[in-house]
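Spelled out from the first residue to the last, the chains are:
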Amino acid sequence: MLNSEVFKESSKFMPGGVNSPVRAYKGLDIDPPIIKEGKGAYIYDVEGNKYLDFVCAWGPMILGHCNKETVEAIKNEAEKALAFGAPTYEELELAKYICETVDIDMIRMVNSGTEATMSAVRLARGYTGKDKIVKMIGCYHGHYDGFLVAAGSGVLTTGIPGSKGVPEDHIKNTLLAKYNDIENIRELFKAEGENIAAVILEPIAGNMGVIKANKEWLKEIRTLCDKYGAVLIFDEVMCGFRVSYKGARGLYDVEPDLVTYAKIIGGGLPCGAYGGKKEIMERLAPIGDVYQAGTMSGNPLVVAAGLATLTKLNNNKDIYEKLEFLGKKLEDGVNKIKEERDFPIVVNRCGSMITVFFTDKKEINTYEDVMSCNVDNFNKYFKHMLKKGIHLPPSQFETMFLSASHNEEDIDKYLDALKELEL
Ligand SMILES: *Cc1c(COP(=O)(O)O)cnc(C)c1O
């Protein structure tokens, strides 16, 4: 089987040949490899090509592909439980484990990151009795109507400013703010504070490339939310259990009211969750007046995979030290090559989340900075690295990830390939 043949056939039956847009390599004028297998830090396509993988399923594969304990847990569970649509002991185990290890009162499982953020916003609106939400330009929170304004990730990559099919009415309550801009958020609250139900943000942005939140900015948002009675939501779908076990909440001393998870907590299976303060969470049906439900929510296989992954992460905190060590090695290596080759690039990194920005700027801290990037240069880099057997996210506006299965040799392979890049 050839990648190009499979992709051509896929395009007859799935729009663009894919089930999620960025996978199509649009704008790169090459077909994506069709992936068949993954083991540790490596993946293999249907032609038998081997790639060193820095996509890691867009984050979930923090332990590497087909981690032994996770696969075992799924197999064992599948022998006795696929789905019941009834309470299980296993879902209690996971809920309790997450709440106790990351310090939140209550949690509800859903089936994707989109569902988690969408539900958290509904809950915040129900709880506050207000309609407006604040979203940061360049942040991505999934494909719910109200978030498809100035969104990051695939929305940025495809160049669609928002999305057709989203009625004006559904976004009229979405206020846009600038990431890392204190004055901007102050002005917004001054004008609209009384109507704001929630502020949602990625505390480590990953969907416009990696940008860390400025601590003072986060603190100011916390203060403003308290002053005006708005719910602060950290969208930790990507950075949760990634930048530290406790996610971004482990790095900043700013506490949100609600937090959303997905990606890592499902160990590679479809998942999502939102949680936080009891007082807010108890507004959910069946005890409260905010409705949210899901046939597959808390599915036994997902719960088993999630628990196996999280316990391994929590019991082996040296994993985060290893990820930091490898991340730093990669960052330092790229910066050295940047000097030697005089490449116009900036590396941003938070632990094992890394973006190499192709830009003449000295630093990348805002959405405007990100927009200065030279996408043609990124595309050259991407195609060069793929030829060298390095699988990267196919967009300038995404994050590359490391896993516990990567080693120093793998980082050297990446750096050796980068050295040979011709811009
Ligand atoms: C991936 C992502 C989402 C969406 O999650 P899905 O499972 O793809 O719906 C939401 N927020 C952030 C920060 C993400 O990275």
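This one's a predicted model, so the numbers in the text were calculated from it and none came from an experiment.

Basis of the calculations
Residues numbered from 1 in each chain as written. Predicted model: local features only at pLDDT ≥ 70, side-chain atom pairs only at ≥ 80, totals over all residues. Heavy atoms only, no water. Near = heavy atom within 4 Å. Polar contact = N/O pair within 3.5 Å; in protein donor to acceptor, adjacent residues only side chain to side chain. Nonpolar A, V, L, I, M, F, W, Y, C, P; charged D, E, K, R; others polar. UniProt positions renumbered as here; feature names shortened; annotations may be inferred. Helix = DSSP H or I, 4+ residues; strand = E, 2+ residues; numbered from the N terminus. Contact = heavy atoms within 4.5 Å. Domains from an automatic or database assignment. Buried area = accessible area lost by both parts, 1.4 Å probe. Salt bridge = Lys/Arg side-chain N within 4 Å of Asp/Glu carboxyl O. Pairing = 2+ DSSP bridges. Axes fitted to C-alpha atoms, helices over the stretch in contact; angles between N-to-C directions. 1 Å grid on protein atoms, 1.4 Å probe; cavity = no way out; pocket = protein on both sides within 12 Å on 5 of 7 lines; lining within 4 Å. Points joined across faces, edges and corners; volume = space filled by probe spheres on them. Buried < 20%, exposed > 50% of the residue type's maximum accessible area, 1.4 Å probe, protein only. Arc of directions from axis to C-beta.

(A) View of the site of the ligand. Close contacts around the ligand come from Ser112, Gly113, Thr114, Tyr140, His141, Gly142, Glu202, Asn207, Asp235, Val237, Met238 and Lys263, and that covers them all. Between Gly113 and the ligand, the recorded distance is 2.8 Å, taken from a backbone N or O atom to an oxygen atom. At 2.7 Å, a side-chain N or O of Asp235 approaches a nitrogen atom of the ligand. Of the residues assigned to the shell around the ligand, the class counts are 3 nonpolar, 6 polar and 3 charged.

(B) Looking closely at the UniProt feature "modified residue: N6-(pyridoxal phosphate)lysine" (unreviewed entry) in the protein chain. Here, UniProt's "modified residue: N6-(pyridoxal phosphate)lysine" (unreviewed entry) annotation points to Lys263. Note on placement: Lys263 falls in the loop between strand 11 (258–261) and strand 12 (272–276). Excluding residues that lie within four positions of it along the chain, Lys263 makes contacts with Trp58, Pro60, Val237, Met238, Gly268 and Cys271.

(C) Region of the structure containing the domain arrangement of the protein chain. What the domain assignment reports for the protein chain is domain 1 (1–53 + 376–404) and domain 2 (68–315). Both faces considered, domain 1 and domain 2 share a buried interface measuring about 870 Å² in area, 58% of it formed by carbon and sulfur atoms. Put simply, domain 1 and domain 2 have 0 salt bridges between them. When its residues are assigned to classes, the side of domain 1 that touches domain 2 shows 4 nonpolar, 3 polar and 2 charged.

(D) Quick peek at the sheet that holds strand 4 (residues 106–110). With mixed pairing, 7 strands are arranged side by side in an open sheet as 4-12-11-10-7-5-6. Taken across any chain shown, the strands that pair with only one partner, and hence form the sheet edges, are strand 4 and strand 6 (174–177). Each strand axis lies, on average, 20 degrees off the axis of its neighbour in the sheet, ignoring direction. Pairing analysis gives 4 bridges linking strand 11 to strand 12, with the strands arranged antiparallel. Bridging from a neighbouring strand, Thr260 pairs with Tyr274 of strand 12. Sheet strands touched by helix 4 (residues 113–128): strand 4, strand 5 (132–136), strand 7 (196–201), strand 10 (231–235), strand 11 and strand 12. Its angle to strand 10, the strand with the most contacts, is close to 175 degrees. The strands touched by helix 7 (residues 182–192) within the sheet are strand 5, strand 6 and strand 7, with strand 6 carrying the most contacts at an inclination of about 150 degrees.

(E) Looking closely at empty space enclosed by the protein. Tallied over the full model, the rule gives 2 cavities of 30 Å³ or more. Approximately 90 Å³ is the volume found for the largest cavity. Residue lining of the largest cavity: Ile354, Thr355, Val356, Phe378, Tyr381, Leu392, Pro393, Ser395, Gln396, Glu398, Thr399 and Met400, and that is the complete set. Of all the secondary-structure elements, those providing two or more residues to the lining of the largest cavity are strand 14 (353–358) and helix 13 (375–387). The dominant element in the lining of the largest cavity, judged by the number of residues it contributes, is strand 14, at 3 residues. Grouping the amino acids of the lining of the largest cavity by side-chain chemistry returns 7 nonpolar, 4 polar and 1 charged.

(F) Geometry of helix 1 (residues 3–13). The complete set of buried residues in helix 1 reads Asn3, Val6, Phe7 and Ser10. Along the axis of helix 1, the buried residues cluster in a sector spanning 95 degrees; they form a single face. Counted as exposed and oriented over 90 degrees from the buried face of helix 1: Lys8 and Lys12. Among the structural elements, strand 2 (42–45) and strand 3 (50–53) are those in contact with the buried residues of helix 1.

(G) Representation of the side chain of Glu220 within the structure. Structurally, the position occupied by Glu220 is in helix 8 (residues 215–228). The exposure class of Glu220 is buried, given its relative accessible area of 17%. Beyond its immediate stretch of four places on either side in the chain, Glu220 contacts Ile182, Ile185 and Arg186.

(H) The environment of Thr260, seen in detail. Relative to the helices and strands, Thr260 resides in strand 11. Linking Thr260 and Tyr179, residues 81 residues apart in sequence, is a C-alpha distance of 19 Å. Beyond its immediate chain neighbours, meaning those up to four positions away, Thr260 contacts Ala116, Thr117, Ala120, Ile233, Phe234, Asp235, Glu236, Val237, Ala273 and Tyr274.

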